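Summary of the model geometry
As a plain string of letters, each chain reads:
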Amino acid sequence: MTDSDLEPRLRPWQRTAAGAGLLAADGSIASTIFAEMSALATASGAINLGQGFPDEDGPIEVLDAARAAIAEGVNQYPPGMGMPVLREAIARHQRRWYGIEVDAASEVLVTAGATEALAATILALVDDGDEVVTFEPSYDAYAALIARAGGVHRTVPLAFPDWRPDPDDLERVVGPRTRLIIVNTPHNPTGAVFDARTLAHLVRLAERHDAVIVTDEVYEHLVFEGRHTPIATLPGARERTVTISSGGKTFSTTGWKVGWLVAPAPLVTAILAVKQYLTYVNGAPFQPAIALGLDLPDAVFADAAAALATKRDVLAAGLTAAGFEISIPSAGYFIVADAAPLGFDDAAEFCRRLPHLAGVVGVPVSAFVHPDRRAATRSLVRFAFCKRLDVLQEASARLAMLGGRS
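Residues numbered from 1 in each chain as written. Predicted model: local features only at pLDDT ≥ 70, side-chain atom pairs only at ≥ 80, totals over all residues. Heavy atoms only, no water.

The subject of this paragraph is the side chain of His93. One can find His93 in helix 4 (residues 84–98). In this structure His93 comes out as buried when scored by relative accessible area, which is 2%. Engagement of the side chain of His93 in a polar contact is seen with the side chain of His221, the distance being 2.7 Å. Each residue touching His93, except ones within four places of it in the same chain, is listed here: Tyr98, Glu220, His221 and Leu294. (Helix = DSSP H or I, 4+ residues; strand = E, 2+ residues; numbered from the N terminus. Buried < 20%, exposed > 50% of the residue type's maximum accessible area, 1.4 Å probe, protein only. Polar contact = N/O pair within 3.5 Å; in protein donor to acceptor, adjacent residues only side chain to side chain. Contact = heavy atoms within 4.5 Å.)

This is the structure we're talking about:
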């Protein structure tokens, strides 16, 4: 079979990749900037602040529970919707933290991380031509999944340094063809937390246009001041909201890929019909471990957020001393810095040079923005602070060398 014979078969996949901004100039699938930066960190010996995974383990109780489950033979397929022990723990978690009553048997679905929950939800609920609204910059999986489902991706811009959506933009973008509104708060990559007025506005728009709200709340317990407010707690939201989260960020177990969604039973049924043909099931011994984690005392969650806030402040001080303009995040793993004051107006090029200039790796915020709309984020870089304090202190010292250049 020749390349020309294969071409018609490849075109649908290329259209999907093009819609998500994933095609290289020659039409091939491009490697992501994340893979490129991680490879550059390995090759140069630079400190990798590009990817958002911790370099320390989470609560020992959670790790011990996984080891115990393996030793006890919990190593085969779990139930398709997830182990009852985890689904019940998720229901208790929603009641304990947010006062949301959930039926563990019909309104909770365990997934292979939050990304599979997002994938199954988008593929289940979006048909060709349906519009899906996200805030931009946004987690890069959104665009790819919307394109794969045949949806039309509409975006609401968030602007450095406060990252607050303009209500007029919301009114302009959300309309009668809107099927889903994806709300990521606490937000990646900016660390912004949407205020109550914005959340209420989104609920009103969803009601007006009969849209489903899909929330990405994986940083829910990593808010540095106050508590996270799920949009499902607002009047009129619960019956039209798919709430997505995971244990990876909260318990520093990102490699376990144990996520979940909570939604009205009819939506769960529709999403399960897709999810069962993705991974089917996953992470049997990790599910009871995450269940145990969700029942840990409040202090465990508070301490995790406080430790991250300290790390944020260390890196923020280092970036400021180096000459960056920064946006202080309210939650999450990341801080966004503007390299323009250092004389760099192209963050992608700057990130490729940074390992050699200072021995540190970041990722350009443009990686989280559609190629046609990258001008507003051209000089912005995302750095991860979910690393050991000594690593962040060393990274800050290295970045100080940039200040000496200017």
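Now that the structure is up, let's keep going.
Strand order across the open sheet formed by 7 strands is 2-8-7-6-5-3-4, with mixed pairing between neighbours. Whereas interior strands pair on both sides, the edge strands pair on one side only; in this sheet they are strand 2 (108–111) and strand 4 (152–157). Direction aside, neighbouring strands of the sheet carry axes that sit 20 degrees apart on average. As paired strands, strand 7 (residues 241–246) and strand 8 (residues 259–262) are joined by 4 bridges and run antiparallel to one another. Bridge pairing in strand 8 links Thr243 to Val262. Running at roughly 25 degrees to strand 2, helix 9 (residues 265–275) makes contact with strand 2, strand 6 (212–216), strand 7 and strand 8 of the sheet. (Pairing = 2+ DSSP bridges. Axes fitted to C-alpha atoms, helices over the stretch in contact; angles between N-to-C directions.)

Before going further, it helps to spend a moment on empty space enclosed by the protein. Taken as a whole, this structure holds 2 cavities of 30 Å³ or more when the rule is applied. Considered as a void within the structure, the largest cavity measures approximately 40 Å³ in volume. Lining the largest cavity we find Gln94, Ile100, Ala232, Arg238, Thr241, Thr243, Val262 and Ala263. Tallied by class, residues from the lining of the largest cavity come to 4 nonpolar, 3 polar and 1 charged. Of the volumes computed, that of the second largest cavity is approximately 30 Å³. Along its surface, the second largest cavity is lined by Thr134, Phe135, Ser138, Tyr142, Ile182, Asn184 and His187. Elements supplying a minimum of two residues to the lining of the second largest cavity: strand 3 (131–136) and strand 5 (178–184). Class assignment for the residues of the lining of the second largest cavity results in 3 nonpolar, 4 polar and no charged. (1 Å grid on protein atoms, 1.4 Å probe; cavity = no way out; pocket = protein on both sides within 12 Å on 5 of 7 lines; lining within 4 Å. Points joined across faces, edges and corners; volume = space filled by probe spheres on them. Nonpolar A, V, L, I, M, F, W, Y, C, P; charged D, E, K, R; others polar.)

Time to look at the layout of surface pockets. Volume-wise, the largest pocket comes out at about 590 Å³. Ranked by the residues each element gives to the lining of the largest pocket, the list is headed by helix 5 (residues 113–125), at 4 residues. Its residues assigned to classes, the lining of the largest pocket shows 10 nonpolar, 11 polar and 5 charged.

Our next topic: the pairing of strand 10 (residues 334–338). The element strand 10 is largely enclosed, with a buried count of 5 among its 5 residues. Covered by surrounding structure in strand 10 are Phe334, Val336 and Asp338 together with Ile335 and Ala337, the residues of both alternating faces. In the sheet, strand 9 (residues 325–327) pairs with strand 10 via 3 bridges, with the strands oriented antiparallel. Each residue of the ladder has a partner; that of Glu325, found in strand 10, is Asp338. Linking strand 9 back to strand 10 in an antiparallel pair, the connection comprises 6 residues, with Gly332 at a positive phi of about 90 degrees. For strand 10 and strand 13 (residues 380–384), the ladder comprises 5 bridges, and the chain directions are antiparallel. Within strand 13, the residue paired with Asp338 across the bridge is Leu380.

The phi angle of most residues is negative, glycine excepted, and most peptide bonds adopt the trans form. The omega angle of the peptide bond from Glu136 to Pro137 is 10 degrees, so this bond is cis rather than trans. Tracing the sequence through the fold places Pro137 in the loop between strand 3 and helix 6 (141–149). Omega for the peptide link from Thr185 to Pro186 comes to -5 degrees, which places this bond in the cis form. Within the secondary structure, Pro186 is located in the loop between strand 5 and helix 8 (196–209). With a phi angle near 55 degrees, Asp210 is a residue other than glycine that sits in the positive phi range. Secondary-structure assignment places Asp210 in the loop between helix 8 and strand 6. Looking at Asp210, the relative accessible area reads 54%, which means it is exposed.

Right, let's talk about the nonpolar core for a bit. Ranked by internal contacts, the top residues of the largest apolar core, which has 73 residues, are Val242, Leu261, Leu315, Leu319, Phe324, Phe383 and Leu399. Here the element with the most residues in this core is helix 5; it accounts for 7 residues. Listed in part, the 27 residues of the second largest apolar core include Tyr98, Val262, Ile290 and Leu296. (Core = buried A, V, L, I, M, F, W, Y, C linked by side-chain atoms within 4.5 Å.)

Contact geometry of helix 5 with helix 9 gives a least axis separation of 8 Å together with a crossing angle of 105 degrees. On the basis of the axis angle, helix 5 is roughly perpendicular to helix 9. Together, Glu116, Ala120, Thr121, Leu123, Ala124 and Leu125 of helix 5 and Leu267, Ala270, Ile271, Val274 and Lys275 of helix 9 make up the contact between the two elements. Tallied by class, residues from the contact of helix 5 with helix 9 come to 8 nonpolar, 1 polar and 2 charged. (Parallel < 35°, antiparallel > 145°, perpendicular 65-115°, else oblique.)

The 4 strands lie next to each other as 9-10-13-12, forming an open sheet whose pairing is antiparallel. Because the sheet does not close on itself, it has two edges, and the strands there are strand 9 and strand 12 (363–364). In the packing of helix 11 (residues 298–322) onto the sheet, the strands contacted are strand 9, strand 10 and strand 13, and the crossing angle to strand 10 comes to about 10 degrees.

Let us now look at the packing of helix 5 against helix 6. Axis separation between helix 5 and helix 6 bottoms out at 9 Å; the angle between their running directions is 30 degrees. The angle between helix 5 and helix 6 falls in the class roughly parallel. In the packing of helix 5 onto helix 6, the handedness of the crossing is right-handed. Facing helix 5, whose interface residues are Thr115, Leu118, Ala119, Ile122 and Leu123, helix 6 presents Ala141, Tyr142, Leu145, Ile146, Arg148 and Ala149. (Left-handed = near helix turned anticlockwise from the far one by under 90°.)

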